[in-house]
Protein chains: 2
Amino acid sequence: MNTKKISLKDIAVKAGVSTALVSYVLNGKEKESRVGQEIAKKIKEIASELNYQPNHLAKSLRSGKTHTIGLVIADISNPFFANIARVVEDEAKKSGYTVIIGSSDEKAEKAWDLLNVLINRQVDGFIIVSSEHSESHIRHLKERNIPFVLLDRHFPDLQTDFVATNNYKASYDAGVHLVEGGYEHIGLIAYKSDMYHMRERIRGYRQALKDHHFDLNPNWLKEVRFENIEKEVKIAIDEMISSKDKVDSIIFATYGLAINGLKYINELKLKVPSDLAIVSFGQAEVFDLYYCPITYLKQPLEMLGKTSVELLLEKLKNPDVGMKQILMEAKLIVRDSSMARSLHKIS
Amino acid sequence: MNTKKISLKDIAVKAGVSTALVSYVLNGKEKESRVGQEIAKKIKEIASELNYQPNHLAKSLRSGKTHTIGLVIADISNPFFANIARVVEDEAKKSGYTVIIGSSDEKAEKAWDLLNVLINRQVDGFIIVSSEHSESHIRHLKERNIPFVLLDRHFPDLQTDFVATNNYKASYDAGVHLVEGGYEHIGLIAYKSDMYHMRERIRGYRQALKDHHFDLNPNWLKEVRFENIEKEVKIAIDEMISSKDKVDSIIFATYGLAINGLKYINELKLKVPSDLAIVSFGQAEVFDLYYCPITYLKQPLEMLGKTSVELLLEKLKNPDVGMKQILMEAKLIVRDSSMARSLHKIS
DNA sequence: TTTTTTTGTTTAATCGATTAAACTTACATT
DNA sequence: AATGTAAGTTTAATCGATTAAACAAAAAAA
């Protein structure tokens, strides 16, 4: 079983020339390097006959470019990130880039470890969905001149390239939508986090209520910890529906919060939307299949992924290109879960 | 901004020794190579002072090992594969391996391209969820002595390592469960495919009916094409419920089929389980959140992923280790969607 | 004192590909 | 005939790390 890989040298020997010629020919530099016609032809023939495949490691070591990009996300088993990852993979492949994906579990330390592993593997650049408390790490990348683009989340105090959703606007839209549907006690369940994207979602919600002259009942805004999501979502909902000013609708600030929330709402046998209207961030099959299809904010996943790759590749090609900061709009997909109150069936 | 990477040579120069010594010390070979005590200490200090990070490319080129494994799956945005990918990533990381994931979209040609890209990038081995018509490619890998483990799907005619679910048994269990629940017209919607795992799911279903002396009504077994899943699932369901021997229950052979099927069942306003009982392969949040929680076959994702990594790494360490073929059992998680007929509420 | 052994360190080849520079011929120009 | 130019090819350094082999100096054995 001939298992040895074919190298440039093997071809060179077989053709009776030096490896230099082979390299020139196989890289299409026959013209500039004035390689003889017949010899070029011969080399090509031998190469395809032996099914030569260049060794990327050697190429990369020499060139300093691996044509690999690192994608750091929170968790590949979360559909939001899985979808993004797929888009990034496809888009990168179009330009001959390979993607290495790593999950950080929203932990700054894990993310940092990941970045370092990937840096040692000489990835050319990063697309990063950053975690809380990782601002200093991002700053560090910047100082080291390692090319990266932040995706979905960014740090307002840090001048970096990024591609993200306009979370303020999205959340504002959700709030206004519920107000216009006649809901008056609108709650928001978000993560307890200093991350800008989360603060923006909260800010949008607040502004929507303010603009419609609603009081900001502090009991309607719940922030739960990622690490203890299951329990704390339950507590949040319990508190929201048990006070005298109980909510008639809830906005979930992420897909994960919605899943947990809906499970509990099912347990409580609350009916959507008559007992509780729902709007959620994220998109997923669950929202279609729920007995009462869920109104959600559809983020422009394809565009987010695609654009982040484009930005990064542009930066890799020309490191001095200006900084780009791109905000995209989410789209509110209205379904029955936030049906206008006037349309509720009287039970 | 000093952006240059630190190399062995930089340390050597600073310490006033050759690169060989530095290499020995930093690889813990000071003893075997009898490096002087003080010089060893000095080298270590300088290395950590300069925050030296070895260049993996160079290491790999020299050693012929990249500590990278390629994971070829159908689609990372499918939760089944996303979950597997996560397990594989974590398990590989424990042993210092990095995973490169690629999606084949169930297309043999895409999978083949992927394999070749990854081979050129010198991955040490593969974990592969193979596609239809890719048997020849797998055979080719085998002939080239490229280490791999098949995951979730395998080819009975091909002697290879694999880790998979006992699909026959899983499907059989699902069938028996419905029979015992008093269902008499049990349908199966599967993919039209020659893949062994799919044939096994069909065989299990058939055997379950046979063993309980049911006729195999050909109208109850539908095979739909992956490329046209949405339409053909609808047609399949239409046909199954419109004949005079209409089905009272359906087994979906994959998660994707179930999603499409349930959407249509909702459209038709059929009630689960009174109009139609449901059992599905796969696991996902949807099944919990559906108004009538769905009975499903829970595949041992963690074990599948973990074991496939273990097998592969074992093979990488010792290429002459014997072939391993591992079948794991799926577990039927019973929920309301397949409630015994005797318990249905009379409407 | 001479020889052998031990200890400590350097040299140089290697992995596979790239590429500037050097080197041969052959051909053209004066 | 002498010189210049173009065409075609090879040499050798390089990327960064590893490691067998060579080497030198000091210590031990004869």
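Sequence order as written defines the numbering, with residues in each chain counted from 1. Numbering of ligands from 1 and lettering of chains from A proceed in the order in which they are written. Thresholds applied to this predicted model are a pLDDT of at least 70 for local features of residues and 80 or more for the giving and counting of side-chain atom pairs; totals over whole chains, interfaces and linings are not thresholded and use all residues. With hydrogens and water stripped out, all remaining heavy atoms of the structure feed into the side-chain values.

What about the relation of the copies chain A and chain B?
Then, number 1: Each copy superposes on the other: chain A lies on chain B with an RMSD of 0.1 Å after a rotation of 180° and an axial shift of 0.0 Å. Classification of the inter-copy transformation places it as that of a two-fold axis.
Then, number 2: Only heavy atoms enter the contact rule, under which two residues are in contact if any of them lie within 4.5 Å. The fraction of interface residues of chain A whose copies in chain B are also interface residues reaches 100%, indicating that both copies meet through the same surface. To superpose the copies, least squares is applied to the C-alpha atoms of every residue with a pLDDT of at least 70 in both.

Concerning the pattern of salt bridges
Residue and element names in this part refer to chain A.
Then, number 1: A carboxyl oxygen of Asp or Glu within 4 Å of a side-chain nitrogen of Lys or Arg is what we treat as a salt bridge. Under the definition given, this model contains 44 salt bridges over all chains.
Then, number 2: Residues Asp161 and Lys315 are paired through a salt bridge, measuring 2.7 Å at the closest nitrogen-oxygen approach. With Asp161 in the loop between strand S4 (148-151) and strand S5 (162-165) and Lys315 in helix H13 (residues 301-317), the pair connects residues that are 154 residues apart, well separated along the chain.
Then, number 3: Here Lys315 falls in the buried class, since its relative accessible area comes to 18%. Every helix listed is a DSSP run of H or I at least four residues long, and every strand listed is a run of E at least two residues long, numbered separately from the N terminus. Exposure is judged per residue with a 1.4 Å probe applied to protein chains only, and the accessible area is read against the type maximum: over 50% gives exposed, under 20% gives buried, and values in between give partly exposed.

Concerning the packing of aromatic side chains
We describe a pair of aromatic rings using the distance from one ring centre to the other and the angle between the two ring planes.
All names here are of chain A.
Then, number 1: Stacked, edge-to-face and tilted are the three classes for Phe, Tyr and Trp ring pairs, Trp counted by its six-membered ring, which pair at centre distances within 6.5 Å; planes under 30 degrees apart are stacked, over 60 edge-to-face, the rest tilted. Considering all chains together, one arrives at 12 aromatic pairs over all chains under this definition.
Then, number 2: Both rings, one in Phe287 and one in Tyr296, keep their centres 5.8 Å apart while their planes meet at 35°; by these two values the pair is tilted.
Then, number 3: Linked through ring pairs, Tyr255, Phe287 and Tyr296 together constitute an aromatic cluster.
Then, number 4: Here, a charge over a ring is recorded when the distance from Lys NZ or Arg CZ to the ring centre is within 6 Å and its angle to the ring normal is within 35 degrees. Over the ring of Tyr291 we find Lys271; its NZ or CZ atom is 4.8 Å from the centre of that ring.

Examining unusual backbone geometry
Excluding glycine, residues mostly carry a negative phi; peptide bonds, for their part, are mostly trans.
Then, number 1: For the peptide bond that leads from Val272(A) to Pro273(A), omega is 0°, which places it in the cis range.
Then, number 2: Tracing the backbone shows Pro273(A) in the loop between helix H11 (255-267) and strand S9 (277-281).
Then, number 3: For Gln122(B), which is not glycine, the phi dihedral falls at a positive 65°.
Then, number 4: Mapped onto the elements, Gln122(B) comes out in the loop between helix H6 (108-120) and strand S3 (125-128).

Quick look at the interface of chain A and chain B
Then, number 1: Counting residues at the interface gives 52 residues for chain A and 52 residues for chain B.
Then, number 2: By convention, the term buried area covers the 1.4 Å-probe accessible surface removed from two parts as they join, with the contributions of both added. In total, about 4,600 Å² of surface goes out of reach between chain A and chain B, with carbon and sulfur atoms giving 55% of it.
Then, number 3: Broken down residue by residue, the surface that chain A buries against chain B is led by Leu57(A), Arg121(A) and Leu289(A), which jointly contribute 17%.
Then, number 4: Within 3.5 Å is the distance limit for a polar contact, defined as a pair of N or O atoms, with the added protein rule that one can donate a hydrogen and the other accept it, and that residues adjacent in sequence qualify only through two side-chain atoms. At the surface where chain A touches chain B, the tally comes to 22 residue pairs in polar contact (both at pLDDT 80 or more).
Then, number 5: Mapped by element, the contributors of at least two residues to the side of chain A that touches chain B are helix H4 (56-63), helix H5 (79-94), strand S2 (98-103), helix H6 (108-120), H11 and helix H12 (285-289) of chain A.
Then, number 6: Per-element tally for the side of chain A that touches chain B: the top contributor is S2(A), with 6 residues.
Then, number 7: Each residue gets one of three labels, nonpolar for Ala, Val, Leu, Ile, Met, Phe, Trp, Tyr, Cys and Pro, charged for Asp, Glu, Lys and Arg, and polar for the others, Gly among them. Grouping the amino acids of the side of chain A that touches chain B by side-chain chemistry returns 21 nonpolar, 18 polar and 13 charged.

Comments concerning the protein's contact with DNA strand D
Then, number 1: If a single non-hydrogen atom of a residue is within 4 Å of a molecule or strand, that residue counts as near it. Taken together, 24 residues are adjacent to DNA strand D, and Gly36(A), Leu8(B), Lys29(B), Tyr52(B) and Arg62(B) come closest.
Then, number 2: Counting only atoms of DNA strand D within 4 Å of the protein, the sugar-phosphate share comes to 51%.
Then, number 3: For DNA strand D, a phosphate oxygen lies 2.4 Å from a polar atom in the backbone of Leu8(B).
Then, number 4: One nitrogen or oxygen atom from the side chain of Asn27(B) is found 3.0 Å from a phosphate oxygen belonging to DNA strand D.
Then, number 5: Taken together, the elements giving at least two residues each to the surface near DNA strand D come down to helix H2 (19-26) and H4 of chain A together with helix H2 (19-26) and helix H4 (56-63) of chain B.
Then, number 6: Considering every element that reaches the surface near DNA strand D, the biggest residue donor is H2(B), with 4 residues.

A word on the packing of H5(A) against H13(A)
Residues and elements named next belong to chain A.
Then, number 1: Whenever a helix is involved, its axis is fitted only over the stretch in contact; in every case the axis is a line through C-alpha atoms, and angles between N-to-C directions fall within 0 to 180 degrees. Taken N-terminus to C-terminus, the directions of H5 and H13 make an angle of 45°; their axes are 8 Å apart at the nearest point. One finds that H5 runs oblique with respect to H13. As H5 runs across H13, the sense of the crossing is right-handed. Mapping the contact onto sequence places Phe80, Asn83, Ile84, Val87, Val88, Glu91, Ala92 and Lys94 in H5 and Leu301, Glu302, Leu304, Gly305, Lys306, Ser308, Val309 and Glu310 in H13. For classification, angles of less than 35 degrees are called roughly parallel, those exceeding 145 degrees roughly antiparallel, those between 65 and 115 degrees roughly perpendicular, and all remaining angles oblique. Note on convention: near helix rotated counterclockwise from far helix by under a right angle means a left-handed crossing. Clockwise means right-handed.

Quick look at helix H9 (residues 196-211) of chain A
Residue and element names in this part refer to chain A.
Then, number 1: Between its first and last C-alpha atoms H9 spans 22 Å; for 16 residues at 1.5 Å apiece the expected length is 22 Å, and the two agree.
Then, number 2: Every buried residue of H9 is listed here: His197, Met198, Glu200, Arg201, Ile202, Gly204, Tyr205, Ala208 and Leu209.
Then, number 3: At its buried positions, H9 is contacted by helix H8 (167-180), strand S6 (186-191), strand S7 (221-224), strand S8 (249-252) and S9.
Then, number 4: Downstream of H9 by a residue or two, His213 has a phi angle that is positive, lying close to 60°. To estimate the expected span of a helix, count its residues, drop one, and scale the result by 1.5 Å.

Observations concerning the protein's contact with DNA strand C
Then, number 1: Not every one of the 25 residues close to DNA strand C is listed here, only the nearest: Leu8(A), Lys29(A), Tyr52(A), Arg62(A) and Gly36(B).
Then, number 2: Each atom of DNA strand C within 4 Å of the protein was classed as base or backbone; sugar and phosphate made up 52%.
Then, number 3: Contacts to DNA strand C include Ser18(B), whose backbone N or O atom sits 3.0 Å from a phosphate oxygen.
Then, number 4: Note that a base nitrogen of DNA strand C is positioned 3.3 Å from one of the side-chain N or O atoms of Arg34(B).
Then, number 5: Mapped by element, the contributors of at least two residues to the surface near DNA strand C are H2 and H4 of chain A together with H2 and H4 of chain B.
Then, number 6: Of the residues belonging to the surface near DNA strand C, the class tally is 12 nonpolar, 8 polar and 5 charged.

Looking at empty space enclosed by the protein
Then, number 1: The rule is simple: put a 1 Å grid over the protein atoms alone, call a set of points where a 1.4 Å probe fits but cannot get out a cavity, call an open set with protein on both sides within 12 Å along at least five of seven lines a pocket, and count a residue as lining if it has an atom within 4 Å of a point. Grid points are joined across faces, edges and corners, and a volume is the space filled by probe spheres set on the points. Tallying each qualifying case throughout the model produces 4 cavities of 30 Å³ or more.
Then, number 2: The space that makes up the largest cavity amounts to roughly 260 Å³.
Then, number 3: Lining the largest cavity are 15 residues, and of these Leu57(A), Arg121(A), Leu57(B), Thr68(B) and Arg121(B) sit closest to its centre.
Then, number 4: When contributions to the lining of the largest cavity are tallied by element, the ones reaching two or more residues are H4 of chain A together with H4 of chain B.
Then, number 5: Residues that form the lining of the largest cavity fall into these classes: 5 nonpolar, 8 polar and 2 charged.

Re the nonpolar core
Then, number 1: Residues Ile265(A) and Ile265(B) are the most contacted members of the largest nonpolar core, which totals 103 residues.
Then, number 2: Leave out the neighbours within four places in its chain, and Ile265(B) touches Ile237(B), Phe252(B), Leu270(B), Val272(B), Leu276(B), Ile278(B) and Tyr290(B).
Then, number 3: Ranked by size, the runner-up nonpolar core spans 56 residues in total, among them Val99(A), Val309(A), Ile73(B) and Ile76(B). Residues belong to a common nonpolar core when they are buried Ala, Val, Leu, Ile, Met, Phe, Trp, Tyr or Cys residues joined through side-chain atoms within 4.5 Å.

Here's the deal with the domain arrangement of chain A
Then, number 1: Residue ranges labeled as domains rest on an automatic or database domain assignment. The assigned domain composition of chain A is domain 1 (8-54), domain 2 (66-165 + 301-328) and domain 3 (167-299 + 332-343).
Then, number 2: Computed over C-alpha atoms, the centres of domain 1 of chain A and domain 3 of chain A are 64 Å apart.

Notes on the sheet that holds S7(A)
Neighbouring strands of a sheet are bound in pairs by backbone hydrogen bonds; such pairs are parallel or else antiparallel.
Residue and element names in this part refer to chain A.
Then, number 1: The strand order across the open sheet built from 6 strands is S7-S6-S8-S9-S10-S12, with neighbouring strands paired in mixed fashion. Looking at the sheet topology across the chains shown, the edges are occupied by S7 and strand S12 (331-333). Neighbour to neighbour, the strand axes of the sheet diverge by 20° on average, direction disregarded.
Then, number 2: Where S6 and S8 come together, 4 bridges link them in parallel fashion. Strands pair, by our definition, only if DSSP identifies at least two bridges between them.

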